[in-house]
Amino acid sequence: MKKITKLILLLIVTIGCLSSCKKADPLIDNTEYGVECEAQNKYLLINSTGFQEVGKAFIGTAGMVGRYLRLYDLDSKVSSVLCSDPSCTHDSNNCSAYLNSGQVSYYDNKIYYISNDSGNYSGDWILWKEDITGNNKTKVKAISLEDVIFKYQPQQIVLHHGKVYLRGIASTVDGAKPEYRISLLSARIDDNSDYQVLVDKTISSGVSTSWRFVGDYVYFMIKEISQDNNDVKITIMRFSTVDGKEETVYVESGITDKVADFWVTVNEVILLAGINENDHPCLWKLSNDKRETVVLWEGIKSEIPIIMEDIAVVSYYVDETRYIYIKDFDNDSVYSGPLFVNRAEGVDKDLGTQGYGFAVVGGDKDKVIINLIGLINERKIYTILFDLKNDMKSTVLWTDGN
Ligand SMILES: [Zn+2]
């Protein structure tokens, strides 16, 4: 019950009143971005922020408290808020680009995101869609507060292959013992309120889940931590988006290495990030119930690698300066050195120091996108693209906060 109260409070704090702004001329011509996309394998699925690559633009969010849907156009190098009202200053929850969840999906030429209904702070969650210009905002589906949000407590909502997927972890208490209800639900992208329950399990040990969307499959990992000895058990399942077939593709228990998140490549190779018994960051390839080291950062200790499309990143400090070491899945180095070779244009601060938190958004062999989060001198998030083909040239895609 405590969790639910917290959830409601969080909603009240973060949900904005989404007023219907006066429609103006589109900021950007919609036809420039006619690429059909789905859940993307290049970018991590992060709770607090969202990111999608759409043709020659990036769309996403960065903020911690108020989040505004933003667009960066690679051709014009212009960063804008996806708000349809030219007189709006995008600094309150009255802005039509204000979201209560950072997550953004892009599907069939539309941006999809979750927010509340206008002025209704405690009601159902709404799945909205709109054009990439920020115009034509339409309600797609109400997600019931009672039947879905309270019951399953969705942590992430993602669109893939014509369906919306919800990944939930609800904590419950049975006597003195905490329990967790983990779930994976899917529903059609329409106003129907029926959900297909793919996973619904109650687990008494510490548990976390994550997922990947690749082609015709949804991969779902359950990571359980034994209360007796902290051993880890991982189970990876996959669900066909074509015929709904469910398979368990990998199970391992009694893991004593420190394991983090998993990844599935476009060729459906399953990788797991972690730290091996010698305290070095590594990636394991999982196949036929065997875990085999394929990438290893021998000179670095205790840092967890972050995996994306075809590279993985480890970050560490040398004195006060942040370094990164990027490798591909053949264990070859893509870049190793200071994160900032030069300061980003227009930024007068040194973002590569200990005053800035570091969160990888995603990328590939050409580029890596990183959020740098001001912790000491400023409360500001910078979403920055580093060009791996051009000496780590850094470009600020957008900032949030002050
Ligand atoms: Zn606005």
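Residue indices follow the written sequence of each chain, beginning from 1 at its first position. Restriction of local features to residues with pLDDT of at least 70 applies here, the model being predicted, together with a cutoff of 80 or more for giving and counting side-chain atom pairs; totals for whole chains, interfaces and linings are based on all residues.

Let us look at the overall build of the chain. Every helix listed is a DSSP run of H or I at least four residues long, and every strand listed is a run of E at least two residues long, numbered separately from the N terminus. Helix and strand content of the chain: two helices and 30 strands. Three exposure classes are used, all based on how many other C-beta atoms lie within 10 Å of a residue's own C-beta (placed from the backbone): buried at 20 or more, exposed at 12 or fewer, and partly exposed between those limits. Put simply, the chain has 402 residues, and 39% of those count as buried. For the chain, restricting intrachain contacts to residue pairs at least 6 apart in sequence, the fraction spanning at least 24 positions comes to 41%. Here, residue contact means that the backbone-derived C-beta atoms of the two residues sit within 7 Å.

Okay, the pairing of strand E22 (residues 290–296) next. Note on strand geometry: in a regular strand, side chains alternate between the two faces of the sheet. Two strands pair if DSSP finds at least two bridges between them. Taken together, the six bridges between strand E21 (residues 281–287) and E22 define a ladder with antiparallel strand orientation. Paired with Leu286 across the bridge in E22 is Arg291. Between E21 and the antiparallel strand that follows it, E22, lie two residues; Asn288 among them carries a positive phi value of about 50°.

A few words now on the sheet that holds strand E20 (residues 270–275). The antiparallel open sheet is built from four strands, whose spatial order is E19-E20-E21-E22. Looking at which strands have only one partner, the edges of the open sheet turn out to be strand E19 (258–264) and E22. Strand after strand, the sheet turns through a mean of 30° between neighbouring axes, direction not considered. Under this scheme, a helix contributes an axis fitted over its contacting stretch, all axes are lines through C-alpha atoms, and angles between N-to-C directions fall in the 0 to 180 degree range.

On to the nonpolar core. Ranked by internal contacts, the top residues of the largest apolar core, which has 101 residues, are Ile59, Tyr219 and Val313. By residue number, the principal contributor to this core is strand E16 (residues 217–225), which donates six residues. When neighbours within four sequence positions are excluded, Ile59 is seen to be in contact with Gln52, Val54, Leu69, Arg70, Leu71, Val104, Tyr106, Ile111 and Ile132. The nonpolar core criterion groups buried Ala, Val, Leu, Ile, Met, Phe, Trp, Tyr and Cys residues into a set whenever they are joined through C-beta atoms within 7 Å.

This part covers the sheet that holds strand E30 (residues 393–401). Pairing is antiparallel across the open sheet formed by four strands, whose spatial order is E27-E28-E29-E30. Edge positions in the sheet fall to strand E27 (356–363) and E30, since each has one partner strand and no second. Along the sheet, successive strands turn relative to each other by an average axial angle of 20°, direction set aside. Direction of pairing for strand E28 (residues 367–374) relative to strand E29 (residues 380–387): antiparallel, over a ladder of seven bridges. For Ile370, the partnering residue across the bridge sits in E29 and is Ile384.

For the rest of this paragraph, the subject is the pairing of strand E24 (residues 311–318). Where strand E23 (residues 306–307) lies against E24, two bridges are found, and the strand directions are antiparallel. Within E24, the position partnered with Ile307 by the bridge is Ala312. Note that E24 and strand E25 (residues 321–328) share eight bridges and pair antiparallel. Note that in E25 the partner of Val318 across the bridge is Thr321. Taking the residues between adjacent antiparallel strands as the criterion, E24 and E25 are bridged by two residues, where Asp319 takes a positive phi near 55°.

As a further point, take helix H2 (residues 145–152). Buried within H2 we find Val148, Ile149 and Tyr152. For H2, the angular spread of buried residues about the axis comes to 110°, placing them on one side. Phi turns positive, to about 50°, at Gln153, one or two residues after H2. The arc refers to the directions leading from the helix axis to the C-beta atoms.

Residue Asp319 is not a glycine yet carries a positive backbone phi of 55°. Tracing the sequence through the fold places Asp319 in the loop between E24 and E25. Asp319 gets classed as exposed once you count the C-beta atoms within 10 Å, which come to 7. Even without being glycine, Asn331 reaches a positive phi, approximately 75°. Looking at the secondary structure, you find Asn331 in the loop between E25 and strand E26 (333–338).

Looking at the secondary structure, you find Asp350 in the loop between E26 and E27. Each C-alpha atom, one on Asp350 and one on Phe340, is 8.6 Å from the other, the two residues being 10 residues apart in sequence.

Quick look at the environment of Val214 now. Here Val214 lies in strand E15 (residues 206–214). Put simply, Val214 and Val266 are 52 residues apart on the chain and 6.2 Å apart in space, counted from C-alpha to C-alpha.

Once that is clear, we can look at the environment of Ile369. Within the secondary structure, Ile369 is located in strand E28. Note on Ile369: 24 C-beta atoms within 10 Å, which makes it buried. Not counting chain neighbours up to four residues away, the residues in contact with Ile369 comprise Phe51, Val361, Gly362, Gly363, Thr383 and Leu385.

Next up on the list: the confidence of the model for the chain. Note on scores: pLDDT gives the predictor's confidence for each residue, bounded by 0 and 100. Of the residues in the chain, 86% have a pLDDT of 70 or more, and the chain-wide mean is 84. Residue range residues 1–37 is modelled with pLDDT below 50. Its contacts to residues more than four positions away, or to other chains, number 64 contacts.

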